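Given next are the chains, with one letter for each unit.
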Amino acid sequence: MANLKDIQRQIKSVSNTQKTTRAMKLVSTAKLRRAEELAKRSRLYANKMNQVIAEIAGRIKCNKIGGLDNRFFEKIENPKMVDIVFVTADKGLCGGFNIQTIKAVNKLLKEYKEQNVKVRLRGIGKKGIEFFNYNEVEMFDSTVGLSSKPNKEKSDEFIKLSIDDFRDGKIDALHIVYNGYKNMITQELHVRQVLPVDSDAFDCQEAQKSSMLEVEAEDEELMLNSLVVKYVGYNMYYSLIDSVAAEHSARMQAMDAATNNAKEMVKNLNVEFNKARQAAITTELIEIISGVESMK
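Quick caveat: nothing in here was measured; it's all calculated off a predicted structure.

(A) Geometry of the overall build of the protein chain. Tallying secondary structure elements over the protein chain gives six helices and five strands in all. When the helices and strands of the protein chain are placed in sequence order, the string is α-β-α-β-α-β-α-β-β-α-α. Of all 296 residues assigned to the protein chain, the portion counted as buried reaches 41%. Considering only contacts within the protein chain whose residues lie at least 6 apart along the sequence, 80% involve residues at least 24 apart. When the accessible surface of the protein chain is totalled, it reaches about 17300 Å², and 52% of it is carbon and sulfur.

The following block contains the structure:
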């Protein structure tokens, strides 16, 4: 049976771990509330921007001879090169949050490899970058610190290269992969193709009767190009906001589970300690009684 001092040392160690995980859970809960509110507000803005783009693109598609002739909406049947941008956390201790995104990226890489399509892998977040570097997967570029502290200017600067290269025909598609926030206990994996913009869902009748905007016909193409750049940029920024909210949610759950496991472990160690102490007392009593008997 284990030594009493060893068991006491284990109880103290696990109790300290329990205090740490409980504190980390409280911190993640507080951060989650702020991130959740920001994600909700950002989602409203993103939805409104999508409506504006759908209206203008729908007008051009339905009214212009030849339909919508714009590089940002052009479907490429046989792409030669695509960009995959993934978002992971800079820190661990958040359960399977990062590995879900990594698995989705690996699946995309495999699919494009089978189609003989070249991929430029662009990473945001230390954990994902470290994984692909360790597995010797070639990365086009990467950045650390942006996923933990989303910044609109830095986000726009990062995604600008993919937007410009798509416009210039250097790449044929842009995917953003990240694990997003659904609710306090659930994260939702997103694999989104943001370029080219899907125009199949544009409804001519809706676009014609919609009165959100009054735009001169000659200005529609110019405005559409400007809006698409903002649309892609904001999708990148929203991915970061949504991801950080999901990260805090996942870490809160992971630390809650760790705290409960530590509590259960302390309970079991206390039982083991009591058994060991009882055994030691019993042994001492037997030795005393045996000594007394031998003196008779």
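(B) The arrangement of the pairing of strand β5 (residues 186-195) in detail. Across nine bridges, the pairing between strand β4 (residues 173-183) and β5 is antiparallel. Each residue of the ladder has a partner; that of Ile176, found in β5, is Arg192. What sits between β4 and β5 in their antiparallel hairpin is a turn of two residues.

(C) Fine view of the pairing of β4. Of all eleven residues in β4, nine are buried; the element is thus mostly enclosed. Of the pairings in the sheet, the one linking strand β1 (residues 81-87) to β4 comprises six bridges and is parallel in character. The partner of Val85 across the bridge, within β4, is Ile176.

(D) Structural context of the packing of aromatic side chains. Across all of its chains, the model carries five aromatic pairs by this definition. Judged by centre distance (5.2 Å) and plane angle (90°), the rings of Phe131 and Phe132 are edge-to-face. Phe131 gets classed as partly exposed once you look at its relative accessible area, which sits at 27%. With a centroid separation of 5.9 Å and an interplanar angle of 70°, the aromatic rings of Tyr234 and Tyr237 are classed as edge-to-face. Of this pair, Tyr234 and Tyr237 both sit in helix α6 (residues 220-295), three residues apart, which is roughly one turn of that helix. Members of the aromatic cluster, joined through ring pairs, are Tyr45, Tyr234 and Tyr237. Positioned over the ring face of Phe140 is Arg120, at 4.3 Å from the centre of the ring. Sitting over the face of the ring of Phe158, Arg122 holds its NZ or CZ atom 4.1 Å from the ring centroid.

(E) Unusual backbone geometry, seen in detail. In this model, Leu195 is joined to Pro196 through a cis peptide bond whose omega is -5°. Counting through the fold element by element, Pro196 comes out in the loop between β5 and α5 (204-209). Positive phi is not limited to glycine here, since Leu93 has a value of about 60°. Counting through the fold element by element, Leu93 comes out in the loop between β1 and α2 (97-114). Phi at Asn116 takes a positive value of approximately 60°, unusual for a residue other than glycine. Residue classification places Asn116 among the exposed positions, given a relative accessible area of 70%.

Conventions and cut-offs
Residues numbered from 1 in each chain as written. Predicted model: local features only at pLDDT ≥ 70, side-chain atom pairs only at ≥ 80, totals over all residues. Heavy atoms only, no water. Helix = DSSP H or I, 4+ residues; strand = E, 2+ residues; numbered from the N terminus. Buried < 20%, exposed > 50% of the residue type's maximum accessible area, 1.4 Å probe, protein only. Contact = heavy atoms within 4.5 Å. Areas by Shrake-Rupley, 256 points an atom, 1.4 Å probe, with all protein chains shown as cover. Pairing = 2+ DSSP bridges. Phe/Tyr/Trp six-rings, centres within 6.5 Å; stacked < 30°, edge-to-face > 60°. Lys NZ or Arg CZ within 6 Å of the ring centre and 35° of its normal.

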